[in-house]
Amino acid sequence: MKKVLFPGSFDPITKGHMHIISQASDIFDEVYIGVLQNLSKSSFFFTIEERLEMIKQLYENDDRIKVVTGRKAVSVASEYGCQYIIRGLRNTIDFEYEKNIAEINQDISKNQINTICLFADSTLSSVSSSTVRELFQLEEEIDKYVDFGVKEKMLRKRREKLWN
Ligand code: ADP
C-alpha cells in the first residue's frame with residue numbers, strides 16, 4: 001500500500017491545498033493530511049484542533065484520506081508508514097523553499113522519506129492561506145478560494161471573537 005503525507009499549516013485549508021490532495025489521491029492508496037504547527041509562523045487564525053476538525057469534516061466521505069497531527073513531518077510520516085511527503089509548488093519561491101526542506105527531510109530521515117512536489121492548478125497558483133485570511137479580514141469574497149464549510153467556520157470564529 002502506497003501512503004503519502006501532505007504536511008502543512010492549513011490555516012485555513014484552501015482550494016489550492018485541496019487540488020494537491022485530489023492529485024495525490026489519484027497517485028497514492030492513502031493520503032495523510034498532517035496538520036502541523038509551523039514554528040516559523042507566529043500567529044494563527046484557527047487552533048490545530050479546529051483545523052483538524054474542519055479538514056476531517058471536509059473529507060469525512062473519503063476513507064482513503066486521513067487527517068493527523070504531530071510535531072515534525074518526518075516523524076509523522078514514519079509513524080503512519082508514509083514513504084513519501086507531498087508538497088505543492090506555486091512558483092519559483094515555493095520551489096527554492098521546498099527544495100531546501102526536502103533535502104533536510106531526506107537527511108534527517110536517513111533517506112527513508114522522499115518528497116514529491118506537484119504543481120498548483122493554474123487558476124489557484126496565487127492562493128495562499130495568508131491571502132485568504134487577509135481578504136477575509138477586509139470583508140472581501142473568499143468563496144473562490146475556500147470550501148463553503150471552511151468559510152462558514154471563519155465567519156463563526158469572527159462572531160465568537162466579536163462577542164468575547
Ligand atoms: P506550510 O506552513 O508548511 O508552508 P501551508 O499550509 O502554507 O503550510 O502549505 C502547505 C503546502 O501546500 C506547501 O507545500 C505549499 O506550497 C502548498 N500550497 C499552498 N497553497 C497552495 C496552492 N494554492 N496550490 C498548490 N499548493 C499550495
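The coordinates are above.
How each quantity is defined
- Residues numbered from 1 in each chain as written.
- Predicted model: local features only at pLDDT ≥ 70, side-chain atom pairs only at ≥ 80, totals over all residues.
- Heavy atoms only, no water.
- Buried < 20%, exposed > 50% of the residue type's maximum accessible area, 1.4 Å probe, protein only.
- Helix = DSSP H or I, 4+ residues; strand = E, 2+ residues; numbered from the N terminus.
- Pairing = 2+ DSSP bridges.
- Right-handed = clockwise from strand over helix to strand, strands pointing away.
- Near = heavy atom within 4 Å.
- Polar contact = N/O pair within 3.5 Å; in protein donor to acceptor, adjacent residues only side chain to side chain.
- Areas by Shrake-Rupley, 256 points an atom, 1.4 Å probe, with all protein chains shown as cover.
- Nonpolar A, V, L, I, M, F, W, Y, C, P; charged D, E, K, R; others polar.
- Salt bridge = Lys/Arg side-chain N within 4 Å of Asp/Glu carboxyl O.
- Disulfide = S-S within 2.5 Å.
- Contact = heavy atoms within 4.5 Å.

A. Geometry of the pairing of strand E1 (residues 3–8). Across the six residues that make up E1, a large majority, six, are buried. Here E1 shows no split at all, with Lys-3, Leu-5 and Pro-7 on one side and Val-4, Phe-6 and Gly-8 on the other all buried. Summarising the sheet, E1 and strand E2 (residues 30–36) pair through six bridges and their orientation is parallel. Bridge pairing in E2 places Leu-5 opposite Tyr-32. At this point the chain moves from E1, through helix H1 (residues 15–27), to the parallel E2, and the crossover so formed is right-handed. Pairing of E1 with strand E4 (residues 84–89) involves two bridges; the strand directions are parallel. Pairing of Leu-5 across the sheet is with Ile-85, part of E4.

B. How the structure looks around the site of the ligand. In the vicinity of the ligand lie 18 residues, with Ser-9, Asn-38, Lys-41, Gly-88 and Val-127 positioned nearest. Glu-98 places a polar side-chain atom, nitrogen or oxygen, 3.0 Å from an oxygen atom of the ligand. The fraction of the free accessible surface of the ligand (550 Å²) that becomes covered by protein chains is 93%. For the shell around the ligand, the elements supplying multiple residues, two or more each, are E1, H1, E4 and helix H4 (92–108). Considered class by class, the residues forming the shell around the ligand number seven nonpolar, six polar and five charged.

C. Examining the pattern of salt bridges more closely. Within the structure shown, the criterion is met by ten salt bridges. One salt bridge connects Arg-87 with Glu-98, and the closest N-O pair in it is separated by 2.7 Å. Of this pair, Arg-87 sits in strand E4 while Glu-98 sits in helix H4; the two residues are eleven residues apart in sequence, bridging distant segments of the chain. Of the residues examined, Arg-87 reaches a relative accessible area of 18% and is grouped as buried. For Lys-99, the salt bridge is made with Glu-103, and the minimal N-O distance between the two is 3.0 Å. Within this pair, Lys-99 and its partner Glu-103 are both found in helix H4, separated by four residues, close to a single helical turn. Lys-99 gets classed as partly exposed once you look at its relative accessible area, which sits at 40%. Residue class for Glu-103 comes out partly exposed when judged on its relative accessible area of 39%. Put simply, Lys-3, Glu-30 and Lys-66 are held in one network by salt bridges that share partners.

D. Spatial organisation of the state of the cysteines. Applying the stated criterion across every chain, the model contains zero disulfides. Cys-117 forms no disulfide, and the closest cysteine sulfur to it belongs to Cys-82, at a distance of 16 Å.

E. The arrangement of the side chain of Thr-14 in detail. Mapping Thr-14 onto the fold places it in the loop between E1 and H1. The buried category is assigned to Thr-14, whose relative accessible area is 2%. What Thr-14 contacts, discounting residues up to four positions off in sequence, is Val-127, Ser-128, Ser-129, Val-132, Tyr-145 and Val-146.

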